[in-house]
Amino acid sequence: MTPLHILYSNNKELLLSINFSILPVKKTSRATRRKKERKMALNLNPIALKYSHKYPSFALPPKPNRKSPKFLRASTLSSGSTEVESLKKPFSPPREVHVQVTHSMPPEKIEIFKNLEGWVEENILVHLKPVEKCWQPQDFLPDPASDGFHDQFMELRDRAKEIPDDYFVVLVGDMITEEALPTYQTMDPRTENSPYLGFIYTSFQERATFISHGNTARHAKEYGDSKLAQICGTIASDEKRHETAYTKIVEKLFEIDPDATVLALADMMRKKIAMPAHLMYDGHDDNLFKHFSSVAQRLGVYTAKDYADILEFLVGRWRVEEITGLSSEGRKAQDYVCGLPQRIRRLEERSQGRAKEARYVPISWIFDKQVKL
């Protein structure tokens, strides 16, 4: 079994290469799976020898040599990014420029995660979906080999006629978020290769995608496309299962190491939760992710309110407010995260209260039709 203390790599595929994976298993050969596992193993940062007294579970990050951009899909409170343009080169999507941290843990922290391996087998493997029950997109689409393929295809097109363009924008954006595995190698969610930060990030991110896909399912049903609603609902169900597993792990960390865990939660929330697809680019729109997020906010698919609600849900789920025996730094972190949901809501209310001029932009996903932001 892969030791839990080195489980977290800096991408969402952290559970694909170990034997308590909770992500759907794709049909690949054993040789292909082993090749991927070896590749991921190479991406795991070694445990350094440095030690942080302020954050005993992980080392302090080195100072970045450039100002790093912040991306926030969840709250739709935009923040600026610095881009270097060249007249000789075509535009390329922004990349994280802050220095990634090589995570370190003292021996007692490593021992915590080693001791969790038996607990993981009993409490996390139950969320692993059997291979024979895993679904593929083709399961929901007309079978080209069937006699009724043409009629089924025409029926699909007729259903799609009733769906507005802005819905397709959020649908495509959500699917890119799920299929954006290549960008997980280039983005840095600021988890510093720390399992504390990593499991907090994924707990939040999986609940966010569960909500977003659930809302696209609801909209599809309202537009009369029950099959599309079923697809989106199935994805939402998978995301909920992932969320459940990750939140269980963080709940256990709060139980056995509350001080380090609450410090990590506060650290992660100060950095903000950046969604994996924030590097999306279609070759034309330099602000594609921002435009997609604005449409999702307007349609109520994923909003700033959802961001605050998720944090409030997790704080309650992990009973953060009830924790006692914390250090002075831990108590400050506890106060910060417990009060943050209301602060986010107040900021969003003020933002929504300002008069905004309606803007329309072309989106390449729907053949450059104009969509209201």
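Residues numbered from 1 in each chain as written. Predicted model: local features only at pLDDT ≥ 70, side-chain atom pairs only at ≥ 80, totals over all residues. Heavy atoms only, no water.

With that settled, consider the overall build of the chain. Each helix and strand counted, the chain has 12 helices and 2 strands in total. Of the regular secondary structure in the chain, the N- to C-terminal order runs α-α-α-α-α-α-α-α-α-α-α-α-β-β. Expressed as a percentage of its 373 residues, the buried residues of the chain come to 48%. When contacts within the chain are restricted to residue pairs at least 6 apart in sequence, long-range pairs at least 24 apart make up 80% of them. Total accessible area computed for the chain in this model is approximately 19,600 Å², and 52% of it derives from carbon and sulfur atoms. (Helix = DSSP H or I, 4+ residues; strand = E, 2+ residues; numbered from the N terminus. Buried < 20%, exposed > 50% of the residue type's maximum accessible area, 1.4 Å probe, protein only. Contact = heavy atoms within 4.5 Å. Areas by Shrake-Rupley, 256 points an atom, 1.4 Å probe, with all protein chains shown as cover.)

Packed helices, taken two at a time, are described by their axes: the angle between them and the distance between them. Where helix α7 (residues 195-222) contacts helix α11 (residues 304-317), the two axes come as close as 10 Å, and the packing angle between them is 130 degrees. Looking at the two axes, α7 sits oblique to α11. As for the relative orientation of α7 and α11, their crossing is right-handed in sense. The residues of α11 that touch α7, namely those facing Ser 203, Phe 204, Arg 207, Ala 208 and Ile 211, are Asp 306, Tyr 307, Ile 310, Leu 311, Phe 313 and Leu 314. (Axes fitted to C-alpha atoms, helices over the stretch in contact; angles between N-to-C directions. Parallel < 35°, antiparallel > 145°, perpendicular 65-115°, else oblique. Left-handed = near helix turned anticlockwise from the far one by under 90°.)

Further remarks concern the environment of Glu 239. You can see Glu 239 is positioned in helix α8 (residues 226-256). For Glu 239, a relative accessible area of 2% gives the class buried. Polar contacts involving the side chain of Glu 239 include one to the side chain of Thr 209, which spans 2.5 Å. (Polar contact = N/O pair within 3.5 Å; in protein donor to acceptor, adjacent residues only side chain to side chain.)

Taken as a whole and assessed by the stated rule, the structure comprises 19 salt bridges. A salt bridge links Glu 251 to Arg 317, with the shortest nitrogen-to-oxygen separation between them at 2.9 Å. Linking Glu 251 in helix α8 with Arg 317 in helix α11, this pair joins segments that are 66 residues apart in sequence. Ionic pairing is found between Lys 305 and Asp 309, a salt bridge with its closest N-O pair at 2.6 Å. Of this pair, Lys 305 and Asp 309 are both found in helix α11, 4 residues apart, which corresponds to roughly one turn of the helix. Salt bridges here are not isolated pairs; linked through shared partners, they connect Lys 305, Asp 309, Glu 312 and Arg 345. (Salt bridge = Lys/Arg side-chain N within 4 Å of Asp/Glu carboxyl O.)

Looking now at the nonpolar core. Judged by nonpolar contacts, the single largest core of 75 residues is most densely connected at Phe 204, Met 269 and Val 320. A total of 10 residues in this core trace back to one element, the largest contributor, which is α7. Setting aside anything within four residues of it in sequence, one finds Met 269 in contact with Phe 204, Tyr 307, Leu 311, Tyr 336 and Leu 340. (Core = buried A, V, L, I, M, F, W, Y, C linked by side-chain atoms within 4.5 Å.)

By the secondary structure assignment, Glu 348 is in helix α12 (residues 328-353). Within the structure, the side chain of Glu 348 is placed 3.4 Å from the side chain of Gln 297, a separation counted as a polar contact.

With respect to the element layout, Lys 271 can be found in helix α9 (residues 258-271). The contact partners of Lys 271, leaving out residues within four places of it in the chain, are Arg 190, Glu 192 and Leu 197.

Two elements in contact, helix α5 (residues 165-178) and α7, have axes separated by 11 Å at closest approach and are oriented at 145 degrees. As α5 runs across α7, the sense of the crossing is left-handed. Contacts between α5 and α7 involve Tyr 167, Val 170, Asp 174, Met 175, Thr 177 and Glu 178 on the former and, on the latter, Thr 209, Ser 212, His 213, Thr 216, His 219 and Ala 220. When its residues are assigned to classes, the contact of α5 with α7 shows 4 nonpolar, 6 polar and 2 charged. (Nonpolar A, V, L, I, M, F, W, Y, C, P; charged D, E, K, R; others polar.)

A few words on the pairing of strand β1 (residues 360-363). By the alternation rule, side chains of β1 split into Val 361 and Ile 363, which are all buried, and Tyr 360 and Pro 362, of which none is buried. Pairing analysis gives 4 bridges linking β1 to strand β2 (residues 369-372), with the strands arranged antiparallel. Residue Pro 362 lies in a different strand from β2, and its bridge partner there is Gln 370. Connecting the antiparallel pair β1 and β2 is a turn made up of 5 residues, with Phe 367 showing a positive phi of about 60 degrees. (Pairing = 2+ DSSP bridges.)

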